[in-house]
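Okay, here's what each chain looks like letter by letter:
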Amino acid sequence: MDVHEEARALIASCLAADAAPAERLRLAEHLAACPECRHEMELSRRSVRALGEIAFAAVPGLDGRVQAALARRSRALAEQGARRKRLLGFVAALAMTVAGSLAVWKGAAGLPTARDLAPAGLAAIVAIFWALPSFAAAILLLASPALASPSGKELG
Amino acid sequence: MSLPLPPCVKPAESAPTQIARGLRARDVALLGGLVERYQAQLVRYLIYLTGRREHVEDLVQETWLRVLERGRQYDGRMRFEPWLFAIARHLALDLMRHRRVLSLDGAWQAGPAGDDGSFPASLPADGPSPFEAAARSEDAARLAASLAALEPIYREALLLRFQEEMSLLEIAGVVGAPVSTVASRIQRGLAALRARLAKEEDADGRS
């Protein structure tokens, strides 16, 4: 690479603020002695300036359309999140009801008053007085507005 | 000597941190503010990338929807613009490759997006270049044709460095290429514009 080629490479580096101080100094020394490369430097500066003089007209109404699309997608995402939360809550309620009912059934089977009952009778009592109410309570809790409403702020 | 802050005073949150927190919460009011603030820059970047105006509106809209959906990935450790532009670039790259595949009836072979730093040429022209219509000075008008003919990766590097004033490291993050490659693209892009101006000067001198 001859000195002029190197200077032209350095011109771009200097304008892009990518040149080391020593390189800047070397370029300045070369430009002081070389009118051709000085002209190249001037053309480069004009090119960079001209880039700033290309100004695109705004797309009419684009901001409004984008914001409306964002609001729609945000609502959809919030509803999707709430549905997922409800589904998870339902599965958790079901699992806890089954586990709780099994524990109550085992506990009740050991009680003296339950010894005279047939296993099916005890199971029916646990189902009616424990499993169904606890499951219903869990479902009601899940359906409460605090859990059912999608979270997230909406655009005005 | 600096005095310690009382426990009730929190240090001011930086703008990227505030944006990251808002995006994590999917705060669409914050997103609305970002749209107003960055829309013009985003439009310009996408025109520089694709070389056309036709698809810009769709790309802009899709970019902001991605920001909403994937906002949790922005951690606020870098400025917001490079992250935003990286999303826009990815979408533009997909579109350009897709359009090219369609227009060439499948003959054009595309690799995975951005894996090798390659970028398709501008979309086929079906009208005047957007750069000509946007030129606001004599030099800008002279460069418009050259810009339209320049490969998108060079246009992009010039725009990000000289208009968006991103550091080379930030540009490298946007384009997924090493800093040395970015510097080389700026150098080559600038050389092409400079050559155009010199040619125009010579033509003016002869006439």
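Throughout this document, residue positions are counted from 1 along each chain, in the order its sequence is written. The naming scheme follows written order: chains are lettered A onward, ligands numbered 1 onward. The predicted nature of this model means local features are confined to residues of pLDDT at least 70 and side-chain atom pairs, given and counted, to a pLDDT of 80 or more, with totals for whole chains, interfaces and linings taken over all residues.

1. Digging into the overall build of chain A
- Put simply, DSSP marks the helices as runs of H or I at least four residues long and the strands as runs of E at least two long, and each gets a number from the N terminus on. When its secondary structure is counted, chain A shows six helices and zero strands.
- From first element to last, N terminus to C terminus, chain A shows the α and β order α-α-α-α-α-α.
- All radius of gyration figures rest on C-alpha atoms, and the globule criterion is 2.2 Å times the number of residues raised to 0.38. Relative to the globule expectation of 15 Å for 156 residues, the C-alpha radius of gyration of chain A, 38 Å, shows a markedly less compact shape.
- With respect to the three principal axes, the spread of C-alpha positions in chain A is 115 × 40 × 20 Å.
- Buried, partly exposed and exposed are defined by the number of other C-beta atoms within 10 Å of a residue's own C-beta, namely 20 or more, between the two limits, and 12 or fewer respectively, with C-beta atoms placed from the backbone. For chain A, the residues scored as buried account for 14% of the 156 residues in total.

2. Some remarks on the overall build of chain B
- In terms of helices and strands, chain B carries nine helices and zero strands.
- When the helices and strands of chain B are listed from N to C terminus, the series reads α-α-α-α-α-α-α-α-α.
- For chain B, with 207 residues in total, the buried portion stands at 39%.
- Taking the intrachain contacts of chain B between residues at least 6 apart in sequence as the baseline, contacts between residues at least 24 apart amount to 68%. What counts as a contact here is a pair of residues whose C-beta atoms, placed from the backbone, lie within 7 Å.

3. As for helix α3 (residues 35–51) of chain A
- By this rule the span expected of a helix is its residue count minus one, scaled by 1.5 Å. A rise of 1.5 Å per residue sets the reference length of α3(A), with its 17 residues, at 24 Å; its end C-alpha atoms lie 24 Å apart and thus fit the reference within 8%.
- Among all positions of α3(A), only A:Cys37, A:Glu40, A:Met41, A:Leu43, A:Ser44, A:Ser47, A:Ala50 and A:Leu51 are buried.

4. Concerning the interface of chain A and chain B
- Counting residues at the interface gives 38 residues for chain A and 45 residues for chain B.
- For the side of chain A that touches chain B, the elements supplying multiple residues, two or more each, are α1 (3–15), α3 and α4 (62–109) of chain A.
- Among the elements that take part in the side of chain A that touches chain B, α4(A) stands out by supplying eleven residues, more than any other.
- Side-chain classes are defined by residue name, with Ala, Val, Leu, Ile, Met, Phe, Trp, Tyr, Cys and Pro counting as nonpolar, Asp, Glu, Lys and Arg as charged, and the others, Gly among them, as polar. Taken together, the residues that form the side of chain A that touches chain B break down as 20 nonpolar, seven polar and eleven charged.

5. Here's the deal with the packing of helix α2 (residues 28–50) of chain B against helix α3 (residues 56–70) of chain B
All names here are of chain B.
- It is the contact of α2 with α3, at a shortest axis distance of 10 Å, that shows an interaxial angle of 135 degrees. The angle between α2 and α3 places the two elements in the oblique class. In terms of crossing hand, the pair formed by α2 and α3 is right-handed. Contact residues: α2 offers Leu-31, Val-35, Leu-42, Val-43, Leu-46 and Ile-47, while α3 offers Val-56, Leu-59, Val-60, Thr-63, Trp-64, Val-67 and Leu-68.
- Partitioned by chemical class, the residues of the contact of α2 with α3 number twelve nonpolar, one polar and no charged. Between the N-to-C directions of two axes lies an angle of 0 to 180 degrees, each axis being a line fitted to C-alpha atoms and, for a helix, fitted only over the stretch in contact. Angles are sorted into four bins: roughly parallel if under 35 degrees, roughly antiparallel if over 145, roughly perpendicular if 65 to 115, and oblique for all others. Two helices crossing with the near one rotated counterclockwise from the far one by less than a right angle form a left-handed crossing, whereas a clockwise rotation gives a right-handed crossing.

6. Points about the confidence of the model for chain A
Residues and elements named next belong to chain A.
- A residue's pLDDT is the confidence the predictor assigns to it, expressed on a 0 to 100 scale. In this model, chain A carries an average pLDDT of 83, and 91% of its residues clear a pLDDT of 70 or more.
- No element of chain A has a lower mean pLDDT than helix α6 (residues 145–148), at 58, and none a higher one than α3, at 94.
- Across residues 151–156, where pLDDT falls below 50, the model places 17 contacts with residues more than four positions away in sequence or in other chains.

7. Notes on the confidence of the model for chain B
Residue and element names in this part refer to chain B.
- Looking at chain B as a whole, its pLDDT mean stands at 84, while 79% of the residues score no less than 70.
- Under a pLDDT of 50 for its full length, residues 104–117 has, in the predicted model, 16 contacts with residues more than four places off or in other chains.
- Across the interfaces of the predicted complex, the ipTM metric reaches 0.80, alongside a pTM of 0.76.

8. A look at the nonpolar core
Residue and element names in this part refer to chain B.
- As used here, a nonpolar core is made of buried Ala, Val, Leu, Ile, Met, Phe, Trp, Tyr and Cys residues. They are joined through C-beta atoms within 7 Å. Of all hydrophobic cores here, the largest spans 68 residues; its most connected members are Leu-46 and Ala-88.
- Counting residues per element, this core draws most heavily on α2, which supplies twelve residues.
- Apart from the residues lying within four places of it in its own chain, the contact partners of Leu-46 are Val-56, Leu-59, Val-60, Ala-88 and Ala-92.

9. Overview of unusual backbone geometry
- A positive phi angle, close to 60 degrees, is found at A:Ala17, a residue other than glycine.
- Along the chain, A:Ala17 turns up in the loop between α1 and α2 (21–33).
- Take A:Ala17: there are 11 C-beta atoms within 10 Å of it, and that puts it in the exposed class.
- At B:Arg26, a residue that is not glycine, the phi angle is positive and equals roughly 50 degrees.
- Tracing the backbone through its elements, the reader meets B:Arg26 in the loop between α1 (15–24) and α2.

10. Brief notes about the environment of A:Phe135
- Within the element layout of this structure, A:Phe135 appears in helix α5 (residues 119–142).
- It is 9.6 Å that separates the C-alpha atoms of A:Phe135 and A:Ala95, two residues lying 40 residues apart in sequence.

11. Examining α4(A)
- A rise of 1.5 Å per residue sets the reference length of α4(A), with its 48 residues, at 70 Å; its end C-alpha atoms lie 70 Å apart and thus fit the reference within 8%.
- For α4(A), every residue scored as buried is listed here: A:Val66, A:Leu70, A:Ser74 and A:Thr97.
- Summarising the contacts, the buried residues of α4(A) are in contact with α5 of chain A together with α2 and α3 of chain B.

12. Comments concerning the environment of A:Ala93
All names here are of chain A.
- Along the chain, the position of Ala-93 falls in helix α4.
- Exposure remark for Ala-93: the 19 C-beta atoms within 10 Å place this residue in the partly exposed category.
- Contact partners of Ala-93, with chain neighbours within four places excluded, come to Phe-135, Ala-138, Ile-139 and Leu-142.

13. A few points about the packing of α4(A) against α5(A)
Residue and element names in this part refer to chain A.
- Their axes nearest at 9 Å, the elements α4 and α5 cross at an angle of 155 degrees. It follows from the interaxial angle that α4 and α5 lie roughly antiparallel. Pair α4 / α5 crosses with right-handed handedness. Across from Arg-86, Gly-89, Phe-90, Ala-93, Met-96, Thr-97, Gly-100, Ser-101, Val-104, Trp-105, Ala-108 and Ala-109 in α4, the residues of α5 making contact are Leu-122, Ala-123, Val-126, Trp-130, Ala-131, Ser-134, Phe-135, Ala-138, Ile-139 and Leu-142.

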